[in-house]
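# A structural walkthrough
What follows is the residue order along each chain.
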Amino acid sequence: CETCSKEAAKYRCPRCMKYSCSLLCVKKHKLALSCNGVRDKTAFVSVNEFTDLHLLSDYRFLEDVGRTADAAARHCIVHSPATKRLLYCLRNKARGCNIELKTLPVGFTKRRENSTTFNSVENKFYWHLKLVFPHCHAEYTLKGVPDDKTLADILKPYIDPVESDPVVCQRLKLYTASPQSDVQILMKIENRNRNSVRYNELDASRSLLDNLKGKVIIEYPTLFVVLKTLKNDMVVLGQAGSKGTESSSSESSSISSMEEGEIRDSS
């Protein structure tokens, strides 16, 4: 058992392939790794390990995608004038802030999750925001984040050793124990080839709106919080050492795999 290291393993998690000996250890490993126990249908499988079962799984996956897309196209909300006006308003206001906001069809996960709104009275965006801490395998979703709030203030409840929540602080202790100067905030550059994933570094001292200007956003921003002192394969534009890695296969790292489901879903 990879949880208690005492008993012989009886179960294997379909999601993360961790071995467990009992229901209690299964629950503990799910809580510790934020694992849902559901097999990842989009996980990479090498050619040497590819079997007929994987082929059948891929075929059924494509069938499910086809049914979901067809059901979304038939959904009454798609043709609702109010929905179209709301999305047009959001995209138009974002364009006025030099942000290219793209929305997905109804039925896609990011479209369903997105709670971003624009307050006409305050002339301000309230963003749906996702924070990803890849070194601790943790994700947090924030709703109603004002666009004039700095990234440093947004991250305080998570990685500040004094102001962060005790439970969150314990889970992200790798970040809270590190100097703030080591924290780096990245955002993936959209509209690039899959084998050429790149990131922009954001300025924690500036507001969310200032950091999003000139960027392409699909539904809502996703920020990756990494530590400079720890090795990762995320290539940041404008940094030394990124040259010559344009087609490196090492980019399919554990950090990139956290986005796998999102990439499949938004494609």
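From a predicted model like this one, the values you see are computed outputs, not experimental measurements. (Residues numbered from 1 in each chain as written. Predicted model: local features only at pLDDT ≥ 70, side-chain atom pairs only at ≥ 80, totals over all residues. Heavy atoms only, no water.)

## Examining the overall build of the chain
In terms of helices and strands, the chain carries 10 helices and 10 strands. Evaluated residue by residue, the chain yields a buried proportion of 36% over its 267 residues. By sequence separation, contacts in the chain at least 24 residues apart represent 56% of the contacts at least 6 residues apart. Summing over all exposed atoms, the chain offers an accessible surface of approximately 16000 Å²; the carbon and sulfur share of this is 54%. (Helix = DSSP H or I, 4+ residues; strand = E, 2+ residues; numbered from the N terminus. Buried < 20%, exposed > 50% of the residue type's maximum accessible area, 1.4 Å probe, protein only. Contact = heavy atoms within 4.5 Å. Areas by Shrake-Rupley, 256 points an atom, 1.4 Å probe, with all protein chains shown as cover.)

## Regarding the pattern of salt bridges
Side chains bearing opposite charge may pair, as long as their charged atoms lie close to each other. Within the structure shown, the criterion is met by nine salt bridges. Note that Asp64 and Arg67 form a salt bridge whose closest N and O atoms lie 2.3 Å from each other. On the criterion of helical spacing, the pair formed by Asp64 and Arg67 is a turn pair, its members being three residues apart in helix α2 (residues 52-74). Classification of Asp64 by relative accessible area gives partly exposed; the value is 29%. Bridged by salt links that share partners, the residues Lys41, Asp64 and Arg67 form one connected network. (Salt bridge = Lys/Arg side-chain N within 4 Å of Asp/Glu carboxyl O.)

## Focus: the nonpolar core
Counting 34 residues, the largest nonpolar core has Leu131, Phe133, Tyr158 and Leu172 as the members making the most contacts within it. Look past the residues within four positions of Leu172 in its chain and what remains in contact with it is Phe133, Cys136, Ala138, Tyr140, Tyr158 and Ile159. Listed in part, the eight residues of the second largest apolar core include Val132, Leu186, Val197 and Val226. (Core = buried A, V, L, I, M, F, W, Y, C linked by side-chain atoms within 4.5 Å.)

## Digging into the side chain of Thr176
With respect to the element layout, Thr176 can be found in helix α7 (residues 173-176). Residue classification places Thr176 among the buried residues on the basis of a relative accessible area of 11%. Apart from residues no more than four positions distant in its own chain, Thr176 is found in contact with Tyr158, Ile159, Pro161, Ser164 and Cys169.

## Observations regarding the UniProt feature "domain: HIT-type" (unreviewed entry) in the chain
The UniProt feature table records "domain: HIT-type" (unreviewed entry) at residues 1-35. Between the end C-alpha atoms of residues 1-35 there is a gap of 16 Å, over a span that is 31% helix and 11% strand. (UniProt positions renumbered as here; feature names shortened; annotations may be inferred.)

## Re the side chain of Glu190
Position of Glu190 among the secondary structure elements: in the loop between β7 (183-188) and β8 (199-202). No salt bridge is formed by the buried Glu190; its nearest oppositely charged neighbour, Lys188, is found at 4.1 Å. (Lys, Arg positive; Asp, Glu negative; His and termini not counted.)

## Things to note about unusual backbone geometry
For residues that are not glycine, phi is negative in most cases, and the peptide bond is trans in most cases. One non-glycine residue with positive phi stands out, namely Ser5, at about 55 degrees. Mapped onto the elements, Ser5 comes out in the segment before β1 (11-12). Residue classification places Ser5 among the exposed positions, given a relative accessible area of 61%. Not every positive phi belongs to a glycine, and Ser34 is a case in point at roughly 55 degrees. Along the polypeptide, Ser34 turns up in the loop between α1 (23-33) and α2.

## Brief notes about the packing of aromatic side chains
On inspection of all chains with the given rule, the structure shows seven aromatic pairs. When the ring of Phe133 is compared with that of Tyr175, the centres are 5.2 Å apart and the planes differ by 80 degrees; the resulting orientation is edge-to-face. Of this pair, Phe133 sits in strand β5 (residues 124-133) while Tyr175 sits in helix α7; the two residues are 42 residues apart in sequence, bridging distant segments of the chain. Like Phe133, the residue Tyr175 is buried in the burial classification. One aromatic cluster is present, built from ring pairs that chain together Phe133, Tyr140, Tyr158 and Tyr175. Above the plane of the ring of Tyr220 lies Lys110, whose end atom (NZ or CZ) is 4.8 Å from the centre. (Phe/Tyr/Trp six-rings, centres within 6.5 Å; stacked < 30°, edge-to-face > 60°. Lys NZ or Arg CZ within 6 Å of the ring centre and 35° of its normal.)

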